[in-house]
Amino acid sequence: MADKTADQSGDEREKRIAELKAKMQASAKKAKASAEAEAPASAAPAKEAPAAAVENPAPAASAASAATATAVASAPAGEAPAKSGSNGAPTNGAAAAAEIAAATPVVSSAPAFQEDSPEAKARKEMNRREFLTYAWGGALGLVALQAGVGLFFFMMPRFKAGEFGGVFFIGPESALPPTSAPPDPFVAGKFWLVNTEDVGPKALYMVCTHLGCLYKWEQANNRFECPCHGSKFTREGFYIEGPAPRSLDTFVISIEGGEVAVDTGKKELGAPSADSPARAVPA
Ligand code: FES
């Protein structure tokens, strides 16, 4: 171009120089207008970055990044140092601030001391309540199970029918011996069965009420006599004489299904000797 200009005349050279100046000025105006047009768009997100950083209690590194972004974003676009990007296009401070602001949320999102959300707190509280509920339920279930087992064994008969401690079925009332008949021994049940005119059948426990000897029926004397210390009792079991403190003990008799039942698990103590209507020597 220098050679071409040198070949031109003075007027033509001045004209050519004026054209070049006009082009340069137009190019400069165009570049300035383009920079001003880009500056507002890029400055807006850069100004929002500090606000986001303040709302979130981020660590010091995040705050420093936000401050840097604020400082860069606050610089006027026209004063920003021109830098060349990878494509050679000019960049400015607003664009850099936008890049830093875009990177800031990623850094500040690290939950270093983040508090539990209300949903998380409610979930934890629910877990504790569920645990206590299950614990109380299990304890109550265990207590109920123990009570049920205890009640079952309490209600369950400990003795089978026909063995001492259990129930003995004698038969229908019509099969009872007459009131004048001698006592009928039931050795397995350890009782004498007698039928009386006053109170009906009675089951007399075979053990003497003095010291526990087995008394015997003496048909010749029509009474019970103890061979150990001489206590004597009537056919109905009333005390007559001797060291026995009371009349003979009896077992409970009932009618079950039309049969006379003697429950050898339920014993009734005889009346005191002094109250016996058959006492030989009244007090
Ligand atoms: Fe029967 Fe003593 S044990 S009188």
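Use the structure listed above.
Residues numbered from 1 in each chain as written. Predicted model: local features only at pLDDT ≥ 70, side-chain atom pairs only at ≥ 80, totals over all residues. Heavy atoms only, no water.

1. Here we look at the packing of aromatic side chains
The cut-off we apply is this: Here the aromatic set is Phe, Tyr and Trp, taking the six-membered ring for Trp, and pairing holds for ring centres within 6.5 Å; pairs whose planes are under 30 degrees apart are stacked, those over 60 apart are edge-to-face, and all others are tilted. A run of H or I in DSSP counts as a helix once it spans at least four residues, and a run of E counts as a strand once it spans at least two, with each numbered from the N terminus. Burial classification: accessible surface area is computed with a 1.4 Å probe over protein chains only, and a residue below 20% of its type maximum counts as buried, one above 50% as exposed, and the rest as partly exposed. Two limits define a charge over a ring: the Lys NZ or Arg CZ must be within 6 Å of the ring centre, and within 35 degrees of the ring normal.
A complete count under the given rule lists 11 aromatic pairs for this structure. For the pair Phe191 and Phe251, a centre-to-centre distance of 6.4 Å together with 85° between the ring planes defines the contact as edge-to-face. You can see Phe191 sitting in strand 5 (residues 191-196) and its partner Phe251 sitting in strand 11 (residues 250-256), a full 60 residues away along the chain. Comparing Phe191 with Phe251 shows no difference in burial state: the two are buried. Here the aromatic residues Phe164, Phe168, Phe186, Phe191, Tyr205 and Phe251 are joined through ring pairs into a cluster of three or more. Above the face of the Phe164 ring, Lys190 is positioned so that its terminal group lies 4.4 Å from the ring centre. Over the aromatic face of Phe238 sits the side chain of Lys202, whose NZ or CZ is 4.8 Å from the ring centroid.

2. Side note on the state of the cysteines
The line we're drawing: Cysteine sulfur atoms that come within 2.5 Å of each other are treated as a disulfide pair.
Scanning the entire structure with this criterion turns up 1 disulfide. A sulfur-sulfur separation of 1.8 Å characterises the disulfide bridge that pairs Cys213 with Cys228. Here the disulfide of Cys213 and Cys228 is left-handed, its torsion about the S-S bond being about -95°. Of this pair, Cys213 sits in the loop between strand 6 (200-205) and strand 7 (216-218) while Cys228 sits in the loop between strand 8 (223-225) and strand 9 (232-233), and the two are 15 residues apart along the sequence. On the basis of relative accessible area, Cys228 is assigned to the partly exposed category, the value being 36%.

3. Some thoughts on the pairing of strand 5
Let me state the cut-off plainly: Between any two strands, pairing holds if DSSP finds at least two bridges.
Of all 6 residues that make up strand 5, 6 are buried, and the element is covered over most of its length. Taking every second residue as pointing to the same face, both faces of strand 5 are buried, with Phe191, Leu193 and Asn195 on one and Trp192, Val194 and Thr196 on the other. Where strand 4 (residues 184-186) folds back on strand 5, the antiparallel hairpin that results is connected by 4 residues, among which Lys190 adopts a positive phi of roughly 60°. Judged from the 6 bridges that link them, strand 5 and strand 6 form a sheet pairing that is antiparallel. Residue pairing for strand 6: Leu193 is matched across the bridge by Ala203. The hairpin formed by strand 5 and strand 6 contains 3 residues between the paired strands.

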